[in-house]
Amino acid sequence: MNVTIFGSGYVGLVTGACLAEVGNNVMCVDVDPAKIDLLNSGGIPIYEPGLDEMVQRNREAGRLTFTIDAKEGVDHGLFQFIAVGTPPDEDGSADLQYVLAVARSIAEHMTEYKVVIDKSTVPVGTADKVREAAREVLDKRGVTTEFDVVSNPEFLKEGAAIDDFMRPDRIVIGTDNPRTTELPRALYTPFNRNHDRLVAMDIHSAELTKYAANAMLATKISFMNELSRIAEAVGADIEHVRIGIGSDPRIGYHFIYPGCGYGGSCFPKDVKALAQTSKQYNVDPVLLDAVEEVNAEQKEVLFHKIKKHFGDLNGLTLAIWGLAFKPNTDDMREASSRVLMEKLWDAGAKVRAYDPVAAEEAERIYGNRDDLCLCEDSDDALTDADALVIVTEWQQFRSPDFAAIKDKLKQPVIFDGRNMYEPEQLEEHGLTYYAIGRPTVG
Ligand SMILES: NC(=O)c1ccc[n+]([C@@H]2O[C@H](COP(=O)([O-])OP(=O)(O)OC[C@H]3O[C@@H](n4cnc5c(N)ncnc54)[C@H](O)[C@@H]3O)[C@@H](O)[C@H]2O)c1
């Protein structure tokens, strides 16, 4: 089948590569010429495990092409995916300007029937707006060409995006009539072989399902983070509590890890956007607002622990392991590392940071500054550092040489925002260890 995808970011590029991998002819359209040039010359603009090889393979086979020419894209595909960003507006609601711009450009160039599939995360009612925006342009052109609008929210996780797309938990398809569901159903058949994962529903429910999923996951995290504060206050260990509650199958072990806050391009903006939609419809989002509030405070927890330990931070150097908002990605959008570094800089401290893949992204965000050194490896980050702070739970940080860390740090202190180690083990090594919701040792 011929497929066009508007937006070649984390979602668009993964969707394009995976749809090409199963034999479709995919054209990716983006407004960023540098991104398209890079993709056309064999490069890749983001880090996502396995994506590089998949893009190359399908590009070389001629099944995956890249362009900035919207007309070429509209001519190409029966399916027109919208996978552009929906960043938060000033009030937290989703900014739909990019989604609606794509809707208009599809209508501008359309000469035959198209299925417009919204894959961006968008508030309830957006499919109606997409339809209206496209219809307006078609009316202006004096054209009566038919099109359908489908909501097909994406549930992939950065860092495991290809696997999630190739073996989805569910494929949500929202349409305004069951007949329209059949076309996307056919497109998704290769990903739906083992058992039927396609969940067909009305468009509004599909749009809300995506927000509901992210809000639920964010709620679990904020719940555990609040509980970790209670654990610290009463002298309990949140890790024991986590295991104690996770063993209940009604609760489960997934997504109940306490830490230094959730980040990324999705949870923070989607929780805020859902709260905003809720307010627009006069439903008070008490829980959603609290989830965000707890998270905003949690992103400052490491800084407060560091400040409490050292007092004046002016002139200190902190080694930071992990900058990405989670492992296996270079994405630093809303990352906890950013809140921490910015607070440390305001307090006059310097940072020596190491991340396996996000250094380039950090440089893009912060440029060259005297108080930030982006280090080649985790060991180098410890050089002349007063203490170590762990912000992202990369696999390679799981069992470091604690004796070497102790030797290298000016003060033998670790602040762990992801509870990666056992306090007793660090105590044996003579390290002071601060974790989240656990008793401090050393
Ligand atoms: N990143 C994730 O893990 C994830 C997961 C599920 C859903 N989503 C949702 O998917 C959407 C896209 O997210 P992302 O992380 O891929 O964003 P992104 O910022 O990585 O990519 C968006 C791309 O769209 C391009 N673009 C903007 N306007 C365009 C236009 N008019 N025509 C063509 N291209 C245009 C931008 O240049 C950019 O390359 C968002 O709504 C997001 O909430 C993201």
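Please refer to the structure higher up on the page.
Here the structure is a predicted model, which means the values were calculated and not measured.

**Q** Which residues make up the site of the ligand, and what values do they have?
**A** Taken together, 27 residues lie around the ligand, and Asp30, Lys35, Thr86, Glu158 and Lys269 are the ones closest in. The backbone of Tyr10 places a nitrogen or oxygen atom 3.0 Å from an oxygen atom of the ligand. At a separation of 2.5 Å, an oxygen atom of the ligand approaches a polar side-chain atom of Lys269. For the ligand, whose accessible area on its own is 840 Å², the fraction buried by protein is 88%. Those elements giving two or more residues to the shell around the ligand turn out to be α1 (10-21) and α5 (97-109). In terms of residue class, the shell around the ligand is made up of 11 nonpolar, 8 polar and 8 charged.

**Q** Now, about the pairing of strand β2 (residues 25-29): what can you tell me, with residues and values included?
**A** Within β2, 4 of the 5 residues are buried, which leaves it mostly tucked inside the rest of the structure. Alignment of strand β1 (residues 2-6) against β2, held across 5 bridges, turns out to be parallel. Following the sheet pairing, Thr4 is matched in β2 by Met27. For the handedness criterion, the β-α-β arrangement of β1, α1 and β2 is classed as right-handed. Here β2 pairs with strand β3 (residues 64-67) via 4 bridges, running parallel. Bridged to Met27 within β3 is Thr65.

**Q** Before we move on, could you go through the packing of aromatic side chains and cite the residues and values that matter?
**A** Enumeration over the complete set of coordinates arrives at 12 aromatic pairs. With a centroid separation of 5.8 Å and 80° between ring planes, the pair formed by Tyr262 and Phe267 is classed as edge-to-face. Comparing Tyr262 with Phe267, the two get one shared label, buried. Three or more aromatic residues link up through ring pairs in this structure, and these residues are Phe165, Tyr188 and Phe191.

**Q** Just give me the short version of the nonpolar core, but keep the residues and values in it.
**A** Note on soluble globular proteins: their nonpolar side chains tend to be buried together. Of all hydrophobic cores here, the largest spans 35 residues; its most connected members are Leu19 and Phe81. Apart from the residues within four sequence positions on either side, Leu19 is in contact with Val3, Ile5, Asn24, Val26, Phe81, Phe165, Leu187 and Phe191. The next biggest cluster of nonpolar side chains, apart from the first, holds 31 residues, and it includes Leu316, Ala335, Trp345 and Tyr366.

**Q** Go over the sheet that holds strand β11 (residues 372-374) with me, naming the residues and quoting the values.
**A** Spatially, β11-β10-β9-β12-β13-β14 is the arrangement adopted by the 6 strands of the open sheet, whose pairing is parallel. The sheet terminates laterally at β11 and β14 (432-434), the two strands that pair on one side only. Across the sheet, the mean angle from the axis of one strand to that of its neighbour is 20°, orientation sign disregarded. Sheet topology note: the strand β12 (residues 387-390)/strand β13 (residues 413-416) ladder contains 3 bridges and is parallel. Residue pairing for β13: Ile390 is matched across the bridge by Asp416. Helix-sheet contacts for helix α13 (residues 301-310) involve β9 (317-321), β12, β13 and β14, and the interaxial angle to β13 is about 160°.

**Q** Got a sec to walk through the layout of surface pockets? Specific residues and values, please.
**A** There is about 240 Å³ of room inside the second largest pocket. As for the second largest pocket, its lining consists of Ser228, Arg229, Glu232, Gln298, Val301, His304, Lys305, Lys308, Tyr434, Ala435, Arg438 and Thr440. For the lining of the second largest pocket, the secondary structure elements donating two or more residues are α9 (203-234) and α13. Here the lining of the second largest pocket gets 4 residues from one element, more than from any other, and that element is α13. Each residue belonging to the lining of the second largest pocket can be placed in one class, and the counts come to 3 nonpolar, 4 polar and 5 charged.

**Q** Which residues make up empty space enclosed by the protein, and what values go with them?
**A** Per the counting criterion, the structure on display carries 1 cavity of 30 Å³ or more. Taken as a whole, the largest cavity encloses approximately 30 Å³ of empty space. Every residue along the wall of the largest cavity is listed here: Asp118, Ser120, Thr121, Val122, Ser151, Asn152, Pro153, Glu207 and Lys210. Residue composition of the lining of the largest cavity, by class: 2 nonpolar, 4 polar and 3 charged.

Reading the values: the criteria
- Within each chain, residue numbers correspond to sequence positions counted from 1 in written order.
- Residue-level local features of this predicted model are given only where pLDDT is at least 70; pairs of side-chain atoms are given and counted only at 80 or more, and the full residue set underlies all totals for whole chains, interfaces and linings.
- Hydrogens are left out, water is left out, and the side-chain values use all remaining heavy atoms of the structure.
- By convention in this text, a residue qualifies as near a molecule or strand provided that one of its non-hydrogen atoms is within 4 Å of it.
- In protein, a polar contact means a hydrogen-donor-capable atom and an acceptor-capable atom, both N or O and within 3.5 Å, with residues adjacent in sequence counting only if both atoms are side-chain atoms; elsewhere, any N or O pair within 3.5 Å suffices.
- Only the protein chains shown count as cover for residues, with accessible areas throughout obtained via the Shrake-Rupley method and a probe of 1.4 Å.
- Secondary structure elements are defined from DSSP: runs of H or I of at least 4 residues count as helices, runs of E of at least 2 residues count as strands, and each element is numbered from the N terminus.
- Think of it as three bins: nonpolar holds Ala, Val, Leu, Ile, Met, Phe, Trp, Tyr, Cys and Pro, charged holds Asp, Glu, Lys and Arg, and polar takes everything else, Gly as well.
- Classification of residues uses two cut-offs on accessible area relative to the type maximum, computed with a 1.4 Å probe and protein chains only: under 20% is buried, over 50% is exposed, and between them is partly exposed.
- DSSP-based pairing: two strands are paired if at least 2 bridges between them are found.
- Handedness of a crossover is defined as follows: with both strands directed away from the viewer, a clockwise route from the first strand across the helix to the second makes it right-handed.
- The rule is short: rings of Phe, Tyr and Trp, with Trp giving its six-membered ring, pair when the centres are within 6.5 Å, and they are stacked under 30 degrees, edge-to-face over 60, tilted in between.
- The term nonpolar core refers to a set of buried residues drawn from Ala, Val, Leu, Ile, Met, Phe, Trp, Tyr and Cys, joined through side-chain atoms within 4.5 Å.
- The contact criterion used throughout is that any non-hydrogen atoms of two residues lie within 4.5 Å.
- Fitting a line to C-alpha atoms yields each axis, with helices limited to the stretch in contact; the angle taken between N-to-C directions then spans 0 to 180 degrees.
- The pocket and cavity definitions rest on a 1 Å grid over protein atoms only: a 1.4 Å probe that fits but cannot leave marks a cavity, an open set with protein on both sides within 12 Å along at least five of seven lines marks a pocket, and residues lining either have an atom within 4 Å of a point.
- Grid points are joined across faces, edges and corners, and a volume is the space filled by probe spheres set on the points.

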